[in-house]
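Next come the chains, spelled out residue by residue.
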Amino acid sequence: MADLRIRIDGCRPSFVPRARWVLETLAEGMDRVPVHVDGPADLVYAPDAPAEGVWIPADPAAQAFFDGDGAFPAIAVHRARDLTLLFAPTHPGEPVPGDLVASAFYLLARWDELRIAERDRFGRLPLAASAFGRIAGLSLEDPPVEGYLQALRAALRIAPPTTWGVALTHDIDRIRRRTPKGLAGIARRRGPRGVAAVLAGPDPWDNVPDLLEAAWQRGARPTVFLIGRNAHPLDGTPRRVYERERAAIAAAVRAAGAEVGLHGAFASSEDGAALAAELAGLRAEVGAPVDGVRMHYLRFRYHETVRWLEAAGARYDSSLGFSEAPGFAAGIARPFRPYLVGEERPARLHLLPLAVMDTTLHSHLGLDAAEAGARALDVLDRVRVAGGRAALLWHNTYLADDRAPGYGPLWGDLLDELLRRGAVLGPAGEPAPPAPGARLDGRRVVHLTSVHRPRDVRIFHKEAAAAAAAGARAWVAAPATPIPRNRRLAAGWRLARAARAHDADVYHVHDPELLPAALWLARTGGAPVVYDVHEYLGQTTRTKRWLPGPLRRPLALAVERAERWAAGRLDGVVTANEDLAARFAAAGAHAAAVTNSPWSGAFPAPEPMPDAPVVLYVGGIGPLRGIDVMRDAFARVGTPGARLVLAGPGDPGAMPDGVTALGRVDHSAVPGLLAGCRVAWIPLQRHGNYDRAVPTKLVEAMAAGRPVVASDLGRMGAMVRAAGCGLVVPPGDAAAHAEALDRLLGDPDLAARLGAAGRAAFVDGLGFESQARALTTLYAGVLRP
């Protein structure tokens with residue numbers, strides 16, 4: 001970032017450190033590094049106009065206000081040059097018409113909270129008693145400080161911001177709907193049928209993995225705030241259940257790649273030592289840094305809590321907001337360092353404004369789902385205009401609460417609309433650094449599978465190779481020829497007994513059919529057993545054509561629960577994506593995601609884009625993989641000389657002219673096939689697995705620098721959009737697939753740009769090297785001395 005030279009002249013001595021802090025905050029809001037100087041400056045805060053630089057008039061009367069005990073500088077705001085000022089403009093004809101530094105200090109330092117004694121029953125400054133309730137024209141939803149930033153950018157000729165962000169946050173207050181009090185309320189509102197609906201299936205508020213999935217499918221990671229000290233009746237409920245399950249919830253959050261934060265307990269907001277102990281306790285329980293805090297019931301006291309958080313080592317807080325209405329409680333729509341009045345310095349942490357909260361929209365304002373969505377987007381659009389960043393809060397209870405119909409689907413709708421408007425969605429704090437990996441020198445790892453081939457891509461080429469690269473000796477115990485379905489269970493026992501002969505340090509089991517044998521190995525083998533979850537077992541069971549239709553759903557539920565139960569009794573679980581890892585971690589397993597990315601070394605710098613209009617599909621061939629759509633769509637492709645190459649097992653049946661089916665190909669041939677195509681095609685159809693999948697074929701196409709035409713399915717669609725590496729189309733719309741293929745085949749420049757964007761995203765961290773580190777870290781965590 002470029003420097004911004006700042007000079008302060010003729011300022012009251014008591015206000016100098018406050019002015020320095022405000023001007024530094026404004027400089028950082030313009031993406032500039034503040035540098036205080038005594039000579040020539042870009043920005044000058046002084047009573048009189050300088051010879052050079054942009055002038056902010058310094059008003060001695062405005063500065064003197066802060067030496068007194070007054071709570072409000074005026075009964076109404078002053079408007080000048082489209083700016084909202086709290087002190088009368090001294091130079092209305094100038095580009096900066098008045099002392100916006102004094103106005104910004106009042107708002108950013110929450111001066112009203114310092115001077116007003118009134119508090120509500122939760123110990124908070126009420127909105128009606130605050131400056132936003134008492135000063136006419138001061139709008140909570142129109143942050144004045146952002147207006148100051150806009151005016152200064154224009155005067156300094158600094159380009160307006162081009163990005164903006166929304167921090168996705170969740171407070172976990174209640175984790176059970178099926179409590180006596182909850183069921184009694186449902187019975188009053190909905191009668192016995194309502195109670196029966198809640199009692200059917202899992203508890204609807206035991207849903208943190210669902211909350212994580214909503215963001216993960218859209219390529220985002222949220223922050224989940226957990227109460228760490230259940231000492232008050234209003235803390236996380238049911239209290240004993242919450243305390244018992246908190247560690248598993250935190251593990252699920254981390255397995256999903258999301259951030260764990262502290263939801264400061266009710267009593268901790270009144271005691272700095274208790275708050276520090278609570279933060280330290282949660283860090284110990286999580287086994288990782290916990291940097292961010294949001295106080296329960298927003299019991300955040302700017303002039304006390306900030307000091308306590310700083311002393312406890314927190315890096316940020318996101319409690320700054322009013323429960324009564326959405327908006328910007330400090331008049332700014334971006335993170336900033338708060339000011340410690342009395343110590344006269346900025347704090348060593350940041351405050352992230354809490355702009356919108358579900359309970360505000362529903363409980364305080366009484367808005368239905370449609371009205372709530374519109375209001376939320378209106379407020380967050382102010383963040384977009386400002387190029388700022390603020391927090392959006394959705395409780396897990398609002399995903400499934402009969403008292404707030406429509407608020408569950410509204411969460412996903414809000415995320416989709418924010419992405420359409422260009423928001424960068426992510427956690428409140430910085431993402432956790434990736435695991436460094438671990439050495440496994442001399443260790444022996446045995447992989448067991450009765451379903452997959454000995455040289456299966458995931459098992460042999462990736463996971464076994466990762467262990468070997470970390471110094472281990474790795475074997476794959478697998479049948480040389482496919483085993484019929486009805487013989488796999490027995491084959492699994494034979495494999496398990498044979499595997500014990502290797503005297504392994506880790507047994508890595510890959511098939512649900514092997515779970516009984518895996519449990520036996522865990523009890524008798526003397527070494528940890530890790531289970532690898534390649535797919536959503538419940539979803540795939542629902543699609544098995546050899547199962548009678550009426551049995552598929554109940555059997556799917558049964559096998560899914562049995563799989564989670566068994567996996568929880570093993571030493572570790574490896575999953576094919578973060579969503580699965582979160583679900584197994586929430587069930588008590590030691591889980592880590594290891595996705596099916598290719599090794600970076602398999603894809604060196606991409607080959608030039610070929611002249612021939614070749615489309616490539618790699619993978620199994622069947623209806624769910626999109627063969628019917630491919631058949632229909634490719635017949636509509638109008639690009640002269642277009643060819644489609646199918647590389648994978650399965651019979652495509654009758655296909656249009658220009659289609660070549662290679663059958664099964666060795667994994668080592670894929671880079672060469674991709675180098676010879678102009679477009680990679682991924683026409684997967686809707687299925688529980690594919691909606692959540694990050695297909696290997698997508699990441700391989702990105703690695704090869706080839707653009708994709710992909711079905712718009714959950715995680716895959718979000719990933720293509722985020723990377724800008726291709727075109728997404730409705731899964732079953734053959735005409736849309738054909739149009740997208742023609743567009744890329746007919747525009748080599750566009751194809752090259754999208755391919756290059758995919759390659760850049762791959763190089764940025766999608767290679768299997770990072771997944772290998774996650775795998776070896778898990779091995780090291782389960783290994784016994």
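Structural data are supplied above this passage.
Residues numbered from 1 in each chain as written. Predicted model: local features only at pLDDT ≥ 70, side-chain atom pairs only at ≥ 80, totals over all residues. Heavy atoms only, no water.

**Q** Describe in detail the overall build of the chain, supporting the description with residues and values.
**A** For the chain, the helix and strand inventory stands at 28 helices and 29 strands. The C-alpha radius of gyration of the chain comes to 29 Å, within 12% of the 28 Å expected for a compact globule of 785 residues. For the C-alpha atoms alone, the extent of the chain along its principal axes is close to 90 × 65 × 55 Å. Relative to its 785 residues, the chain shows a buried fraction of 56%. Here the analysis covers contacts within the chain between residues at least 6 apart in sequence; of these, 72% occur between residues at least 24 apart. Carbon and sulfur atoms make up 53% of the accessible area of the chain, which totals about 31100 Å². (Helix = DSSP H or I, 4+ residues; strand = E, 2+ residues; numbered from the N terminus. Rg over C-alpha atoms; globule rule 2.2 N^0.38 Å. Buried < 20%, exposed > 50% of the residue type's maximum accessible area, 1.4 Å probe, protein only. Contact = heavy atoms within 4.5 Å. Areas by Shrake-Rupley, 256 points an atom, 1.4 Å probe, with all protein chains shown as cover.)

**Q** Any details on the pairing of strand β29 (residues 726-729)? Residues and values, ideally.
**A** Relative to β29, strand β28 (residues 708-711) is paired through four bridges, and the arrangement is parallel. By the bridge assignment, A710 is partnered in β29 with V728. Following the chain from β28 across helix α25 (residues 714-723) to the adjacent parallel β29, one finds a crossover that is right-handed. (Pairing = 2+ DSSP bridges. Right-handed = clockwise from strand over helix to strand, strands pointing away.)

**Q** Pulling in residues and values, what's your account of the nonpolar core?
**A** Of all hydrophobic cores here, the largest spans 130 residues; its most connected members are F105 and L448. The element best represented in this core is helix α3 (residues 100-108), accounting for eight residues. Apart from residues lying up to four places away in sequence, L448 is in contact with A477, L495, A496, A499, Y507, H508, V509, H510, D511, L514 and L521. Counting residues in each nonpolar core, the second largest holds 32 residues, with A214, A215, A369 and L425 among its members. (Core = buried A, V, L, I, M, F, W, Y, C linked by side-chain atoms within 4.5 Å.)

**Q** Any details on the sheet that holds strand β2 (residues 32-36)? Residues and values, ideally.
**A** An order of β2-β1-β3-β4 is seen for the four strands of this open sheet, with the pairing classed as parallel. Every interior strand has two partners, whereas the edge strands, β2 and β4 (54-57), have only one. With direction set aside, neighbouring strand axes in the sheet form an average angle of 25°. In the sheet, strand β1 (residues 2-8) pairs with β2 via five bridges, with the strands oriented parallel. (Axes fitted to C-alpha atoms, helices over the stretch in contact; angles between N-to-C directions.)

**Q** Any details on the pattern of salt bridges? Residues and values, ideally.
**A** In this structure the tally under the stated criterion is 51 salt bridges. Here E52 and R7 are joined by a salt bridge, their closest N and O atoms 3.0 Å apart. Taken as a pair, E52 in the loop between β3 (43-46) and β4 and R7 in strand β1 lie far apart in primary sequence, 45 residues in all. Given the relative accessible area of 31%, E52 is considered partly exposed. What makes R7 buried here is its relative accessible area of 11%. Notably, a salt bridge pairs R421 with D381, separated by 3.6 Å at the nearest N-O pair. (Salt bridge = Lys/Arg side-chain N within 4 Å of Asp/Glu carboxyl O.)

**Q** Please set out empty space enclosed by the protein residue by residue, giving values where relevant.
**A** By the definition in use, this model includes four cavities of 30 Å³ or more. Looking at the largest cavity, its volume works out to about 170 Å³. As for the largest cavity, its lining consists of 18 residues, and the residues nearest its centre are R124, L125, L298, F300 and G321. Of the residues contributing to the lining of the largest cavity, the split by class is six nonpolar, four polar and eight charged. Around the second largest cavity sit L616, Y617, V618, V670, L674, A680, W681, I682, K697, E700 and A701, which together line it. Looking at the lining of the second largest cavity, the elements that each hand over two or more residues are β24 (614-618), α22 (670-675), β27 (679-682) and α24 (696-703). Looking at the lining of the second largest cavity, its residues break down into nine nonpolar, no polar and two charged. (1 Å grid on protein atoms, 1.4 Å probe; cavity = no way out; pocket = protein on both sides within 12 Å on 5 of 7 lines; lining within 4 Å. Points joined across faces, edges and corners; volume = space filled by probe spheres on them. Nonpolar A, V, L, I, M, F, W, Y, C, P; charged D, E, K, R; others polar.)

**Q** I'd like a description of the packing of helix α10 (residues 272-286) against helix α11 (residues 302-312), backed by residues and values.
**A** Put simply, α10 and α11 touch, their axes get as near as 9 Å, and they point 40° apart. With respect to α11, the element α10 is oriented oblique. Viewed along their axes, α10 and α11 form a crossing whose handedness is right-handed. Across from G272, L275, A276, L279 and R283 in α10, the residues of α11 making contact are T305, W308, L309 and A312. When its residues are assigned to classes, the contact of α10 with α11 shows six nonpolar, two polar and one charged. (Parallel < 35°, antiparallel > 145°, perpendicular 65-115°, else oblique. Left-handed = near helix turned anticlockwise from the far one by under 90°.)

**Q** Outline the pairing of β4, supporting the account with residue identities and numerical values.
**A** In β4, alternate side chains face the same way, and those of V54 and I56 on one face and W55 and P57 on the other are all buried. Looking at chain direction, β3 and β4 are connected through four bridges and run parallel. Bridging across to β4, L43 finds its partner in V54.

**Q** Account for the sheet that holds β29, naming residues and giving values.
**A** Spatially, six strands are ordered β26-β25-β24-β27-β28-β29 in an open sheet, and the strand pairing comes out parallel. The sheet terminates laterally at β26 (659-663) and β29, the two strands that pair on one side only. The sheet shows a mean angle of 20° between the axes of neighbouring strands, taken without regard to direction. Contacting β27, β28 and β29, α25 runs over the sheet at an angle of about 145° to β29.

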